[in-house]
Amino acid sequence: MFFNKCGSANGDEAKFCNTCGEDIARLGETFALQDSNSSDGKKKPKNKRKLVRPSSLIALIVSLCFIGLIIGCVGNTDKGIEVSVECHNELFPAIQKYAAQEGERGDVEWKLTNPNSSQRTVTVMSQIQNWTDPVSKTLNLKPNESITFRQVSFGEKLLDNQNTTPASLRLLVKKGEKVIFDETRQVEIRGVEDMPWSTGNNKYNLAFLLASWVTPRDPAVEGVISKAKERMGGNAFTGYQKNNPQLVRDQMEAIFNEFRKLGVSYVSSTIDFGKTKESQRIRLPRTSIRDKQANCVDISVLLASCYENIGLEPIIFLVPGHAFLGVVITPGENKIHFIDATNIGRSTLISIFDLETTFDAATKKGTALYLEHKKTGDIKVVNIKKCREMGVRPLF
């Protein structure tokens, strides 16, 4: 039989409960497994009545809670943010600087997708290790939203790099403090004087970056200007202030002849060791002055730096296999003095025999080149003033 108070099983003859020790007879009711005989003389089993123990009830409740927790977790699964990233394997300091200034372009292109039914916030970071500070951006990704954007890493240390150098580009995505994407890719940093002309099949579409090599405030350029102005009446360069086309030409010639005095001469050198096919080393003005040598592009950016310094408006013209320079005669008008300065190092004896100064010969050749290629249409114009308006600043 079962004692009503605690629900424990006891023998039929028991007087005291085996579990709680209470007096069964004194407290009364018990529940028997069988009742008295039925009217037909046979014993019939009565319905069994079991009392649920407290320990069993607690176990049942815990089990139900655990099952509910599992179901809840499955219904709220946090799917991972999908991350894809592409980057250039060659990084040019001139491009990095321009892209960092503009904030629209970049060497790293990210695509992040949130496949969840609620918003997720992530932080995206890229860094050229040991060369630049980390660049980061926080994104709020809406449900099922994909976002594509670019990042660029730039530091002044890149402008000190003279030769192609291997480096590591770290790419990181975090959700809160949890890292969900971490990858390091090997890249090459090109020398500061390496110029990329094109991307893909778009020939010369990066030619506007040539304005970065025009460095009018470089101390080396300032030193040449200081000497060259002694060739001018009044010991000064006045740019366009006098509104005199002949004076513009005289200023151009004074600087040209100062470089002749310094011993700068033409040398054909376009060697390039990079992977990018359409790239070339272009000497910065400081390098051409130091080495006293320059090719056609070098001498063009060298003179353009000096002419911009004194307030003139230089234009560089690119034709197949060659470059030459022009200077606006009067601002706002389409009149230009052309000059191909590759003859800058020629002997004075040649000028005597030809009865023509080296500068005159350079302007004559520059004009002829412009007229020739204007007809064929294979000429690319790099207007330094317009490039400045586009945000292309000097490298130094």
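For the structure given in this document, a descriptive report is provided here. (Residues numbered from 1 in each chain as written. Predicted model: local features only at pLDDT ≥ 70, side-chain atom pairs only at ≥ 80, totals over all residues. Heavy atoms only, no water.)

## Concerning the pairing of strand β17 (residues 336-339)
Thought 1: Side chains Ile 336 and Phe 338 of β17 all project onto a buried face; the interleaved residues His 337 and Ile 339 project onto the opposite face, where all are buried too.
Thought 2: Note: strand β16 (residues 322-328) against β17, 4 bridges, orientation antiparallel. The residue bridging Val 328 from the neighbouring strand is Ile 336, located in β17. (Buried < 20%, exposed > 50% of the residue type's maximum accessible area, 1.4 Å probe, protein only. Helix = DSSP H or I, 4+ residues; strand = E, 2+ residues; numbered from the N terminus. Pairing = 2+ DSSP bridges.)

## Description of the environment of Thr 148
Thought 1: Position of Thr 148 among the secondary structure elements: in strand β8 (residues 146-151).
Thought 2: In the structure, Thr 148 is positioned 63 residues away from Val 85 in sequence and 9.4 Å away in space, judged by C-alpha atoms.
Thought 3: Discounting chain neighbours no more than four positions away, the residues touching Thr 148 are Glu 109, Trp 110 and Lys 111. (Contact = heavy atoms within 4.5 Å.)

## Some details on the nonpolar core
Thought 1: Judged by nonpolar contacts, the single largest core of 68 residues is most densely connected at Leu 210, Ile 255, Phe 259, Leu 303 and Ile 316.
Thought 2: For this core, the element with the most residues is helix α7 (residues 296-309), which contributes 9 residues.
Thought 3: Here Leu 303 is in contact with Ile 255, Phe 256, Phe 259, Leu 325, Ile 339 and Ala 341, once residues within four sequence places are set aside.
Thought 4: Counting residues in hydrophobic clusters, the runner-up holds 22 residues, among them Leu 158, Leu 171, Phe 181 and Ile 189. (Core = buried A, V, L, I, M, F, W, Y, C linked by side-chain atoms within 4.5 Å.)

## Describing a nonpolar patch on the surface
Thought 1: A grouping of Leu 349, Ile 352 and Phe 353 is seen on the molecular surface, where their side chains present a nonpolar patch of about 370 Å² in accessible area.
Thought 2: Inspection of the secondary structure assignment puts Leu 349 in helix α8 (residues 348-354).
Thought 3: For Leu 349, a relative accessible area of 51% gives the class exposed. (Patch = residues over 30% accessible without salt bridge, like charges linked within 9 Å, V, L, I, M, F, W, Y side chains within 5 Å. Areas by Shrake-Rupley, 256 points an atom, 1.4 Å probe, with all protein chains shown as cover. Salt bridge = Lys/Arg side-chain N within 4 Å of Asp/Glu carboxyl O.)

## Looking at α7
The α-helix winds at 3.6 residues per turn, so residues separated by three or four positions along the chain end up facing the same way.
Thought 1: Taking 1.5 Å per residue as the helical rise, α7 with its 14 residues ought to reach 20 Å, and the 20 Å between its terminal C-alpha atoms agrees with that figure.
Thought 2: Most of α7 sits out of view: 13 of its 14 residues are buried.
Thought 3: A distance of 3.1 Å separates the backbone nitrogen of Val 297 from a side-chain oxygen at the start of α7, and that oxygen is part of Asn 295.
Thought 4: Immediately beyond the C-terminal end of α7, within one or two residues, lies Gly 311, with a positive phi of roughly 100°. (Expected span 1.5 Å × (residues − 1). Polar contact = N/O pair within 3.5 Å; in protein donor to acceptor, adjacent residues only side chain to side chain.)

## What about the packing of aromatic side chains?
Both the distance between ring centres and the angle between the ring planes are used here to describe each pair of aromatic rings.
Thought 1: Applying the stated criterion across every chain yields a total of 8 aromatic pairs.
Thought 2: Both rings, one in Trp 110 and one in Phe 181, keep their centres 6.0 Å apart while their planes meet at 75°; by these two values the pair is edge-to-face. Here the residue Trp 110 occupies a position in strand β5 (residues 108-113), and Phe 181 occupies one in strand β10 (residues 178-189), the gap between them amounting to 71 residues. Accessibility assignment for this pair places Trp 110 and Phe 181 in one class, buried.
Thought 3: Plain terms: the ring middles of Phe 338 and Tyr 370 are 4.3 Å apart, the flat faces sit at 20° to each other, and that makes the pair stacked. In this pair, Phe 338 sits in strand β17 while Tyr 370 sits in helix α9 (residues 358-376), placing the two residues 32 residues apart along the sequence.
Thought 4: Clustering of aromatic rings is evident, with ring pairs tying together Phe 317, Phe 324, Phe 338 and Tyr 370. (Phe/Tyr/Trp six-rings, centres within 6.5 Å; stacked < 30°, edge-to-face > 60°.)

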